[in-house]
Amino acid sequence: MFWVKAMKSLGISGVPGVGKSALASKLSRELGLAVVELSEFAISKGYVIAYDSDRGSYIVDENRLGKAIAELAEVQGPLIIVGHYVEIVPRDVLELVIVLRKSPVELIHILEKRGWNSKKVAENVEAELLAICTVNAVEELGEDMVIEVDATAKTTEELALEVLDIVFGEKPAYYGNTIDWLEKLDKEKLAYVLSYIEKNLAQY
Ligand SMILES: Nc1ncnc2c1ncn2[C@@H]1O[C@H](COP(=O)(O)OP(=O)(O)OP(=O)(O)O)[C@@H](O)[C@H]1O
Ligand SMILES: [Mg+2]
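Small disclaimer: the values here were computed from a predicted structure and weren't measured.

Considerations on the site of ligand 1
With respect to spatial proximity, 13 residues lie near ligand 1, and among them Pro16, Gly19, Lys20, Ser21 and Ala22 are the closest. If you list the elements that add at least two residues to the shell around ligand 1, you get helix H2 (20-31) and helix H8 (156-167). If one sorts the elements of the shell around ligand 1 by residue count, H2 sits on top with three residues.

Structure follows, in structure tokens:
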């Protein structure tokens, strides 16, 4: 599989619950590449600086984490790198970043099923609505490095096929932020999502 050797690492971003880890496992089996979950890697290597108890999330030393990932890819070859802040990985290590997007309606359902509190769900749904992961990745890496894939109502197998098509150039690719839920959702769904965010973000 010379093409796998020739390619660089693949980044997978997107807010929690969009299916990054499920897709990464599938791609890992298809391509024979190892998966690195940025958050797990940061914790196990000691790159966590602090814990944000309000958000229930870790704050990591992005600089050291990015360098460590670059060194790992240097030694191991291409990786599948997963995380909602995958843009901390140096650009020259990456082939492409795929940002998974998911309808905020579906996302509310998935994150509530995890038992997360409504405020945390609302924060992440708002981030999805505003395409925060894409915007951050484009800002850090440049538009030509970032492609969005709509994961709404798709199986992991379907998503993996779509991503393989993009990576190996069999599908015309559109770079940067191409999915706008404000435009895509019908009026009722959008009203539901906006009121969910407004109601639950106000909580503390
Ligand atoms: N294509 C899919 N179709 C339906 N359900 C899926 C799909 N992919 C993942 N799921 C389910 O959706 C949930 C979120 O998936 P996953 O854990 O892979 O998301 P994630 O983006 O890695 O989230 P996190 O950033 O919190 O790790 C899981 O319960 C998973 O079983
Ligand atoms: Mg995950």
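Focus on the packing of helix H5 (residues 104-113) against helix H10 (residues 187-201)
Interhelical geometry of H5 versus H10 gives an angle of 45 degrees and a closest axis separation of 9 Å. Considered as vectors, H5 and H10 are oriented oblique to each other. Two secondary-structure elements touch here, H5 through Pro104, Val105 and Ile108 and H10 through Lys189, Tyr192, Val193 and Tyr196. Within the contact of H5 with H10, the residues separate by chemical class into six nonpolar, no polar and one charged.

Regarding the sheet that holds strand E2 (residues 34-37)
Read across the sheet, five strands follow the order E2-E5-E1-E6-E7 without closing on themselves; strand pairing throughout is parallel. Strand pairing shows two members of the sheet lacking a second neighbour, E2 and strand E7 (146-150), which therefore form its edges. Across this sheet, the average inter-strand angle for adjacent strands is 25 degrees, counted without regard to direction. One ladder, built from three bridges, connects strand E1 (residues 9-13) with strand E5 (residues 79-82); its direction is parallel. Bridging across to E5, Gly11 finds its partner in Ile81. Packing of H2 onto the sheet brings it into contact with E1, E2, E5 and strand E6 (94-101), and relative to E5 it is tilted by some 175 degrees.

Focus on the pairing of E1
For E1, the buried fraction is high: five of the five residues fall into the buried class. Residues of E1 alternate between two faces, with Ser9, Gly11 and Ser13 on one and Leu10 and Ile12 on the opposite face, all of them buried. As judged from the five bridges shared by E1 and E6, these two strands associate in the parallel manner. Bridging across to E6, Ile12 finds its partner in Ile98.

Some points on unusual backbone geometry
The backbone of Ala131 sits at a positive phi, close to 55 degrees, despite the residue not being glycine. By the secondary structure assignment, Ala131 is in the loop between helix H6 (118-129) and helix H7 (132-141). Here the phi dihedral of Ala153 falls at roughly 55 degrees; this positive angle occurs in a residue that is not glycine. Looking at where Ala153 falls in the secondary structure, it is placed in the loop between E7 and H8. C-beta crowding within 10 Å serves as the criterion here: with 9 such atoms nearby, Ala153 is assigned to the exposed category.

Rules and cut-offs
For every chain, the first residue of its written sequence is number 1, and the numbers climb from 1 along that sequence. Starting at A for chains and at 1 for ligands, labels are handed out in the order in which the entities are written. Only residues with pLDDT of at least 70 are given local features in this predicted model, and only at 80 or more are side-chain atom pairs given and counted; all residues enter the totals for whole chains, interfaces and linings. For each residue, a C-beta atom is placed from the backbone, and the residue counts as near a molecule or strand when that atom lies within 6 Å of it. Per the convention used, a helix needs a DSSP run of H or I reaching at least four residues, while a strand needs a run of E reaching at least two, with both numbered from the N terminus. Helix axes are fitted only over the stretch in contact, all axes being lines through C-alpha atoms; the angle between N-to-C directions runs from 0 to 180 degrees. For classification, angles of less than 35 degrees are called roughly parallel, those exceeding 145 degrees roughly antiparallel, those between 65 and 115 degrees roughly perpendicular, and all remaining angles oblique. Residues are defined as contacting one another if the C-beta atoms placed from their backbone atoms lie within 7 Å. Under the grouping applied here, Gly and all other residues not named as nonpolar or charged are polar, the nonpolar ones being Ala, Val, Leu, Ile, Met, Phe, Trp, Tyr, Cys and Pro and the charged ones Asp, Glu, Lys and Arg. Here, a strand pair is defined by DSSP locating no fewer than two bridges between the strands. Partly exposed residues are those falling between the two cut-offs: more than 12 but fewer than 20 other C-beta atoms within 10 Å of their own, whereas 20 or more means buried and 12 or fewer means exposed, with C-beta atoms placed from the backbone.

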